[in-house]
Amino acid sequence: MEGLLNNWRRTNYAKNITPKLTGEEIIIMGWVHEIRDLGGIIFILVRDTTGMIQITAPSKKVDPKILEELRKFRKESVVAIKGTVQESNKAPNNVEIIPQEINILSLANQPLPMDPTEKVKAEIDTRLDSRFLDLRKSNISAIFKIKSQMLHTVRDFFYKNGFLEISTPKLVASATEGGTELFPITYFEKEAFLGQSPQLYKQIMMSSGVDKVFEIGQIFRAEEHDTLRHLNEAISIDAEASFMDGNDMMKVLNNMIEQVIIDINEYCKEELELLDHKLPIPDKPFPKITYDEAVDIINSKGIEMEWGEDLSRAAEKALGNTMDDFYFLTEWPSHVKPFYVMPCAHDPTKSHAFDLMYKNLELSSGATRVHQYNILVEQIKERDLNPDAFNSYLKAFEYGMPPHAGWGVGADRLTMVLTGVNNIRETVLFPRDRHRLTP
Ligand code: AMO
């Protein structure tokens with residue numbers, strides 16, 4: 001049967017083929033990026049995950065059967081080529097391959113739904129409809145290499161700092177985050193929802209004695225709005241730690257972000273270059289401003305804002321223009337934050353909640369939590385929620401719950417900062433937004 005690997009195996013990636021290998025027989029595998037048939041000579045650029053290599057087939061040197069096979073190539077087909085390496089100052093990387101044997105593994109239909117060679121620019125919707133082709137572009141796959149490195153560093157960071165990795169249910173019975181809507185689902189004879197946040201579970205874990213936990217997982221938000229920074233399914237990096245307060249956890253967050261940026265600069269140099277993005281290591285510690293100070297700054301910039309309101313988009317922009325890249329926004333009014341946030345002892349209208357901002361983008365929310373059962377029940381009631389709906393959560397607060405604090409970082413938003421893209425959809429392989437449920 002045609003198109004099988006049989007005993008063909010790749011010997012080299014494109015990037016590793018250098019003039020030093022001149023004379024060696026190698027096998028490369030990848031996608032046909034470009035075909036130039038000049039009659040007497042055929043040039044083919046083959047692309048793999050590492051880069052490009054040129055196949056050069058002069059009719060004088062190459063068997064006519066091979067030339068015939070090469071002429072069957074279509075753009076973006078998957079091919080394997082056995083050939084000899086030859087130095088060439090005209091080819092990319094000064095090296096080319098003279099083909100000896102060809103194996104067409106998968107022919108691509110033509111025309112392609114979009115051009116993955118960047119010659120014709122496509123709109124984001126066309127690109128997302130054919131995401132597999134879009135990802136063949138090196139500047140697009142670079143975003144996901146950076147995201148992968150970020151997640152790797154984050155996991156490493158947590159492990160080194162004694163956090164236990166947990167996985168909590170995404171099929172849940174109640175809401176956690178006021179403000180955003182839930183996606184209802186049918187759970188046999190009951191109603192259930194897709195989880196908005198692992199919040200309740202990471203807090204329950206604080207009374208389990210394991211001290212520090214983290215989770216990297218999906219969150220589902222039925223947000224109606226269609227913006228460049230909201231998705232209906234996002235990835236949240238959640239952390240929670242006992243015997244710590246919000247200030248301690250802000251330090252943890254600051255250290256984690258710093259480590260991520262250090263590692264991306266070290267391990268993703270090429271990707272940053274492909275994206276033409278510079279990622280300076282931020283000064284430490286990130287500055288902190290209180291909500292009250294933020295309201296003054298925002299008003300001084302001509303954007304009207306009353307104390308107690310959440311930040312409008314215009315307010316976030318006004319604030320972002322005055323602040324450093326990363327900064328913490330602290331002491332939020334209690335009533336704009338969820339029930340699990342600890343109010344300030346000196347003034348309960350204010351709370352121990354904080355956000356981490358990057359310019360005008362909210363990257364993370366966190367807080368010292370309420371760990372006292374009675375206050376928690378009160379706060380649930382104050383928000384017109386029914387404490388009975390939270391019984392299994394509240395139970396964990398009745399039998400020894402230590403003081404604790406935590407935060408959640410939007411992994412996709414963090415990737416926007418790390419890669420410099422301005423649409424969150426760019427940072428997700430298969431984004432889910434108000435209008436998109438496929439692919
Ligand atoms: P919050 O609701 O602020 O807090 O979410 C935490 C972070 O998750 C990201 N995020 C989103 N990213 C993309 N699209 C969305 N629709 C979306 N919603 C949220 C943001 C946000 O800062 N339980 C708390 C966290 C905690 O206190 O530990 C929570 O979920 O970057």
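In this report, the structure presented in the accompanying data block is examined. None of these values were measured; they are calculated from a predicted model.

What counts as what
Residues take numbers from 1 onward in each chain, read along the sequence in its written order. In view of the model being predicted, local features appear only for residues whose pLDDT reaches at least 70, and side-chain atom pairs are presented and counted only at 80 or more, with totals across whole chains, interfaces and linings using the full set of residues. The side-chain figures draw on all heavy atoms in the structure; neither hydrogens nor water molecules are used. For two strands to count as paired, DSSP must find a minimum of two bridges between them. Note on conventions: DSSP H or I runs of at least 4 residues are helices, E runs of at least 2 residues are strands, and numbering of each starts at the N terminus. Note on contacts: a residue pair qualifies if any of its non-hydrogen atoms lie within 4.5 Å across the two residues. For every element, the axis is a line fit to its C-alpha atoms; helices are fit only across the contacting stretch, and the angle between N-to-C directions ranges from 0 to 180 degrees. When we say a residue is near a molecule or strand, we mean one of its heavy atoms is within 4 Å of it. Here a polar contact means two N or O atoms within 3.5 Å. Within protein one must be a hydrogen donor candidate and the other an acceptor candidate, and residues neighboring in sequence count only if both atoms are side-chain atoms. All accessible areas in this document rest on Shrake-Rupley with a 1.4 Å probe, and a residue is counted as covered only by the protein chains that are shown. Three classes are used: nonpolar for Ala, Val, Leu, Ile, Met, Phe, Trp, Tyr, Cys and Pro, charged for Asp, Glu, Lys and Arg, and polar for all others, with Gly counted as polar. Burial classes follow relative accessibility: with a 1.4 Å probe on protein chains only, a residue under 20% of its type's maximum area counts as buried, one over 50% as exposed, and anything between as partly exposed.

The strand order β7-β9-β8 describes an open sheet built from 3 strands, whose pairing is antiparallel. In the strand order of this sheet, the two ends are held by β7 (171–172) and β8 (184–187), each with one partner.

Sheet strands pair via backbone hydrogen bonds, and the direction of the pair is either parallel or antiparallel. The strand order β6-β10-β11-β16-β15-β14-β13-β12 describes an open sheet built from 8 strands, whose pairing is mixed. If you trace the sheet from one side to the other, it starts and ends with β6 (164–165) and β12 (288–290), each paired once. In terms of strand pairing, strand β14 (residues 353–358) meets strand β15 (residues 361–368) through 6 bridges, oriented antiparallel. Within β15, the position partnered with L356 by the bridge is S364. Sheet strands in contact with helix α6 (residues 246–267) are β11 (233–242), β12, β13 (326–330), β14, β15 and β16 (404–410), and its direction is about 35° off that of β16.

A few words now on the site of the ligand. What surrounds the ligand is a group of 24 residues, the closest being Q199, K202, E362, S365 and R369. One nitrogen or oxygen atom from the side chain of E362 is found 2.5 Å from an oxygen atom belonging to the ligand. Measuring from an oxygen atom of the ligand, one finds a backbone N or O atom of L363 at 2.9 Å. Considered on its own, the ligand offers 620 Å² of accessible surface; in the complex 93% of this is hidden by protein. Residue contributions to the shell around the ligand peak at 5 residues, all from β15. Counted by class, the shell around the ligand contains 6 nonpolar, 9 polar and 9 charged residues.

Let's shift gears to the environment of F193. Summarising the element assignment, F193 is placed in strand β9 (residues 190–194). F193 sits in the buried class, given a relative accessible area of 15%. Along the primary structure F193 and T427 are separated by 234 residues, whereas in three dimensions their C-alpha atoms are 25 Å apart. When sequence neighbours within four positions are dropped, the list of residues in contact with F193 reads K170, L171, V172, A173, S174, L182, F183, P184 and I185.

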